[in-house]
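Descriptive structure summary
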Amino acid sequence: MATDRTAASTPRVLLITGASRGIGAATARLAAREGWDVAVNYGRQAAAAEAVADEVRALGRRAIAVQADVADEAQVLAMFARVHETLGPLGGLVNNAGIVAMKARVDEMDTARWQRMLAVNVLGSWICAREAVKAMSTRHGGAGGAIVNLSSVAATLGAPGMYVDYASAKGAIDAFTLGLAREVATEGVRVNAVRPGIIDTEIHAESGDAQRAFKSADVIPMRRPGTADEVAQAIVWLLSPAASYVTGEVLTVSGGR
Ligand code: NAP
């Protein structure tokens, strides 16, 4: 019988980027309940990240809060080194850190905005995925693992008049997920994405409307925004041995949108 290298032998150490709040924090809590030790990455909110790490420890798992701007390669490399030194070999990565920007048309957006949009949402995920593959792939002496990238339903709709740049960045994440998954499929590493619809988190304030999630209920077949916990359920399942034959998949969690 074939051995599933992403199952029982995989180290239960998980790095979640952008886990100080929202979907990342919910994923940290749920992953801890499922037996993962968690590295809680954050950008600016140290106290919030420390509180999430405390919650993970209260659930009986090990945790560290680790600052790094995912768009900064040197900071990401230092973060991976610290996670390895403190928690041991990596078994999972959730590329969750992400930003939107103020609602605008393309002809109103400046290049500085696009550079930051791509640096955080695309380059940040690529750098972290590359380092995770180096840590987990059997080709590099690792014991296997799983990567989950955060896409968005925006990638399928284009987000006209809202943030086409963000939608395009998430489209890049979809292609990256498929390509990387096929590249490392024989190396014990599964790569999938979760594609949330409109989820009730603080991200919407960045687009200029903190109430956007609830105001958008009419365009959602289930007539309500999703919760961070509902997205976390999909992420943690994709990380788990229960998803051992799933790779290169983008799982939509959108209430039907
Ligand atoms: P959120 O509540 O705004 O939280 C974003 C998290 O990312 C925070 O922990 C933040 O940390 C961190 N972060 C931002 N920039 C970072 C950087 N450069 N380096 C490291 N960390 C950084 O967002 P969310 O709604 O949970 O979204 C999580 C992911 O799901 C994102 O990729 C987003 O695009 C995607 N998504 C969300 C929705 C939605 O409706 N909420 C829909 C589709 C997709 P600090 O606060 O500490 O800086």
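Residues numbered from 1 in each chain as written. Predicted model: local features only at pLDDT ≥ 70, side-chain atom pairs only at ≥ 80, totals over all residues. Heavy atoms only, no water.

Inspection of every chain in the model, using the stated rule, returns 14 salt bridges. Close ionic contact of Asp107 with Arg105 constitutes a salt bridge, the shortest N to O distance being 2.6 Å. Owing to a relative accessible area of 58%, Asp107 belongs among the exposed residues under this scheme. A salt bridge links Arg195 to Asp174; the nearest nitrogen and oxygen atoms lie 2.9 Å apart. Taken together, the residues span a long stretch of sequence, with Arg195 in strand β6 (residues 189-196) and Asp174 in helix α6 (residues 164-183) at a distance of 21 residues. The residues Arg195 and Asp174 share a single accessibility class, namely buried. (Salt bridge = Lys/Arg side-chain N within 4 Å of Asp/Glu carboxyl O. Buried < 20%, exposed > 50% of the residue type's maximum accessible area, 1.4 Å probe, protein only. Helix = DSSP H or I, 4+ residues; strand = E, 2+ residues; numbered from the N terminus.)

This part is about the nonpolar core. Of all hydrophobic cores here, the largest spans 35 residues; its most connected members are Val38, Val194, Val231, Ile235 and Leu239. Of all the secondary structure elements, the ones that give two or more residues to this core are β1 (13-16), α1 (22-33), β2 (37-42), α2 (46-58), β3 (63-67), β5 (145-150) and α8 (228-239). For this core, the element with the most residues is α8, which contributes eight residues. Among all residues touching Ile235, those that are not within four sequence positions of it are Ile23, Thr27, Val94, Val148, Leu150 and Val194. Listed in part, the 31 residues of the second largest apolar core include Ala71, Val76, Leu93 and Met136. (Core = buried A, V, L, I, M, F, W, Y, C linked by side-chain atoms within 4.5 Å. Contact = heavy atoms within 4.5 Å.)

Moving on, we come to the confidence of the model for the protein chain. A residue-level look at the protein chain finds 97% of positions with pLDDT of 70 or above and a mean pLDDT of 96. In the model, residues 1-6 has pLDDT below 50 throughout and makes eleven contacts with residues more than four positions away in sequence or in other chains. (pLDDT = per-residue confidence, 0-100.)

Right, let's get into the layout of surface pockets. Of the voids in this model, the largest pocket is the one considered here, and its volume is about 1000 Å³. The wall of the largest pocket is formed by 47 residues, among which Gly98, Ile99, Val100, Ile203 and Glu206 lie closest to the centre. Counting only elements with at least two residues in the lining of the largest pocket, the list comes to α1, β2, α4 (111-136), α5 (154-157) and α6. For the lining of the largest pocket, the element with the most residues is α1, which contributes three residues. Looking at the lining of the largest pocket residue by residue, the class counts come to 21 nonpolar, 15 polar and eleven charged. (1 Å grid on protein atoms, 1.4 Å probe; cavity = no way out; pocket = protein on both sides within 12 Å on 5 of 7 lines; lining within 4 Å. Points joined across faces, edges and corners; volume = space filled by probe spheres on them. Nonpolar A, V, L, I, M, F, W, Y, C, P; charged D, E, K, R; others polar.)

An order of β3-β2-β1-β4-β5-β6-β7 is seen for the seven strands of this open sheet, with the pairing classed as parallel. At either end of the open sheet lies a strand with only one pairing partner, and these are β3 and β7 (250-253). Strand-to-strand, the axes of this sheet are offset by a mean angle of 20°, without reference to chain direction. When strand β4 (residues 92-95) meets β5, the two strands line up parallel, connected through four bridges. (Pairing = 2+ DSSP bridges. Axes fitted to C-alpha atoms, helices over the stretch in contact; angles between N-to-C directions.)

Take the pairing of β6 next. With eight of its eight residues buried, β6 lies for the most part within the structure. Here β6 shows two buried faces, one formed by Val189, Val191, Ala193 and Arg195 and the other by Arg190, Asn192, Val194 and Pro196. Here four bridges tie β6 to β7, and the two strands are oriented parallel to one another. Bridging across to β7, Arg195 finds its partner in Thr252.

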